[in-house]
Amino acid sequence: MISEKKDIRALSKGELRDFFEGIGDKAFRGNQVYEWLWGKGIHNFDQMTNLSKETRAHLEANFVINHIQVDSLQKSNDGTIKNAVKLHDGLVVESVLIPTKKRTTACVSSQVGCSLDCKFCATARLKRMRNLNPDEIYDQVVAIDQESKLYHDRPLSNIVFMGMGEPLMNYKNVLEAIDKITHKEGLGMSPKRITLSTSGVPKMIKKLADDEVKFHLAVSLHSAIQEKREQIMPFAKSFQLDDLRESLEYWYDKTQRRITYEYVVWKGINDEKEDIEALVQFCKYVPCKVNLIEYNPIDDGEFQQASIEATEAYIAALERHRIPVTVRRSRGKDIDAACGQLANKQ
């Protein structure tokens, strides 16, 4: 049952101060509550131990904290952890902890379901039910940070918005969450350790640049040939490659930060010489690097991982043109936790 009380985390620090003044208390109580909510990530009012019982009871009577719950947790043999995250209204999203020798990365969701229709992605098979609120995104990061400390004996080091949903279709809430994550009164994480991955919404990429964001940008490209990209990602009919290229040039002119292109090579879809040549040409427009991703199939359909030879041909061509390229292996295969290809198990 959804409470009719207002979620206290929807209030700014100023609004919290106003609330306490309105009930005849001191305004600095709002600062204390704000620190508990965002700096310490508490789950209930009883944890606010520097407030009197009377004050905590007053908060309880007026507000709720719609905190997420990790409904189930699966651990992979390689250390990857997949969370099924239950929201206050009963809906479920997924987040993933991805450890390597040098870092621990949180892959977080931004929507319940997805607004777009990428054919290779399990999430795209779910209709978009709603956007996540800033606190729900924030809570995913806090939960994974706790898991990283518990299971890997180190704090979270990086965040990628590559889970369920298209972050730029939930622009305001995603940026508010990142502000809380990076602010000294929140988690204090450097924006340089955050990457937002988008399927490519040109207008919103330009807005990111205009808003002078400090985090990194990755684009799920998968083909630099318009017709093929539409086959893979049908929404690309509305977001043409020429428009995407222009928005990325605008981004680089404003930010001077290179783009990462996320790129899966599929058998019989984008594994030919013309595909490689098109990608190389596209990479010349803006300073970039290419992240070739090993695909984790969601069924036995048309999207299957290409041969090793096809991937190596991409690598050779990119290196020949001095375009930085890395290969990201699928993690957590035994728990179906490839980041960005998450399936909702409701």
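Our subject is the structure that appears above.
Attention in this report is confined to the structure presented alongside it. (Residues numbered from 1 in each chain as written. Predicted model: local features only at pLDDT ≥ 70, side-chain atom pairs only at ≥ 80, totals over all residues. Heavy atoms only, no water.)

1. Looking at the pairing of strand β6 (residues 104-107)
- Both faces of β6 are covered, namely the face carrying Thr104 and Ala106 and the face carrying Thr105 and Cys107.
- Judged from the four bridges that link them, strand β5 (residues 92-99) and β6 form a sheet pairing that is antiparallel. If you follow Ile98 over to β6, its bridge partner there is Thr105.
- Linking β5 to β6, which pair antiparallel, is a turn of four residues. (Buried < 20%, exposed > 50% of the residue type's maximum accessible area, 1.4 Å probe, protein only. Helix = DSSP H or I, 4+ residues; strand = E, 2+ residues; numbered from the N terminus. Pairing = 2+ DSSP bridges.)

2. Quick look at the sheet that holds strand β14 (residues 325-328)
- One open sheet accounts for 10 strands, arranged β3-β4-β5-β6-β9-β10-β11-β12-β13-β14; its pairing is mixed. The two strands at the open ends of the sheet, each matched to only one other strand, are β3 (69-75) and β14. Neighbour-to-neighbour, the strand axes of this sheet turn through a mean angle of 25 degrees, independent of strand direction.
- Summarising the sheet, strand β12 (residues 259-264) and strand β13 (residues 288-293) pair through six bridges and their orientation is parallel. Residue pairing for β13: Tyr261 is matched across the bridge by Val290.
- Helix α4 (residues 134-152) contacts β3, β4 (81-86), β5, β6 and β9 (158-161) of the sheet and is inclined by roughly 40 degrees relative to β5. (Axes fitted to C-alpha atoms, helices over the stretch in contact; angles between N-to-C directions. Contact = heavy atoms within 4.5 Å.)

3. Here's the deal with a nonpolar patch on the surface
- Where nonpolar side chains cluster on the molecular surface, the patch consists of Val70, Leu73, Leu150 and Tyr151 and spans about 350 Å² of accessible area.
- Elements with a contribution of two residues or more to the nonpolar patch: β3 and α4.
- Mapping Tyr151 onto the fold places it in helix α4.
- Tyr151 gets classed as partly exposed once you look at its relative accessible area, which sits at 36%. (Patch = residues over 30% accessible without salt bridge, like charges linked within 9 Å, V, L, I, M, F, W, Y side chains within 5 Å. Areas by Shrake-Rupley, 256 points an atom, 1.4 Å probe, with all protein chains shown as cover. Salt bridge = Lys/Arg side-chain N within 4 Å of Asp/Glu carboxyl O.)

4. Brief notes about unusual backbone geometry
- Positive phi is not limited to glycine here, since Gln256 has a value of about 60 degrees.
- Since its relative accessible area comes to 52%, Gln256 is described here as exposed.
- The backbone of Arg322 sits at a positive phi, close to 60 degrees, despite the residue not being glycine.
- By the element assignment, Arg322 lies in the loop between α10 (308-320) and β14.
- A residue is classified by how much of its surface remains accessible, and Arg322, at 77% relative accessible area, is exposed.

5. A short note on helix α8 (residues 241-255)
- The terminal C-alpha atoms of α8, which comprises 15 residues, lie 21 Å apart, in line with the 21 Å expected from a rise of 1.5 Å per residue.
- If you check which residues of α8 are buried, you get Leu241, Leu244, Ser247, Leu248, Trp251 and Thr255. For α8, the angular spread of buried residues about the axis comes to 120 degrees, placing them on one side. Those residues of α8 that are exposed and angled more than 90 degrees off the buried face are Asp242 and Asp253.
- On the buried face of α8, the contacting elements are α6 (202-210), β11 (216-220), α7 (226-232), β12 and α9 (273-283).
- Count one or two residues on from α8 and you reach Gln256, which has phi positive near 60 degrees. (Expected span 1.5 Å × (residues − 1). Arc of directions from axis to C-beta.)

6. Digging into the packing of aromatic side chains
- All chains considered together, the criterion is met by nine aromatic pairs.
- On the basis of an interplanar angle of 65 degrees and a centroid distance of 5.9 Å, the ring pair of Phe235 and Phe239 is categorised as edge-to-face.
- Accessibility expressed as a relative area gives 8% for Phe235, which makes it buried.
- When the ring of Trp266 is compared with that of Tyr295, the centres are 5.6 Å apart and the planes differ by 80 degrees; the resulting orientation is edge-to-face. Taken together, the residues Trp266 in the loop between β12 and α9 and Tyr295 in the loop between β13 and α10 connect sequence positions 29 residues apart. There is no split in this pair, since Trp266 and Tyr295 are both buried.
- Linked through ring pairs, Phe19, Phe20 and Phe63 together constitute an aromatic cluster.
- Lying across the ring of Trp38, Arg9 places its NZ or CZ 5.7 Å from the centre. (Phe/Tyr/Trp six-rings, centres within 6.5 Å; stacked < 30°, edge-to-face > 60°. Lys NZ or Arg CZ within 6 Å of the ring centre and 35° of its normal.)

Everything listed here is a matter of coordinates, which is why it stays silent on function.
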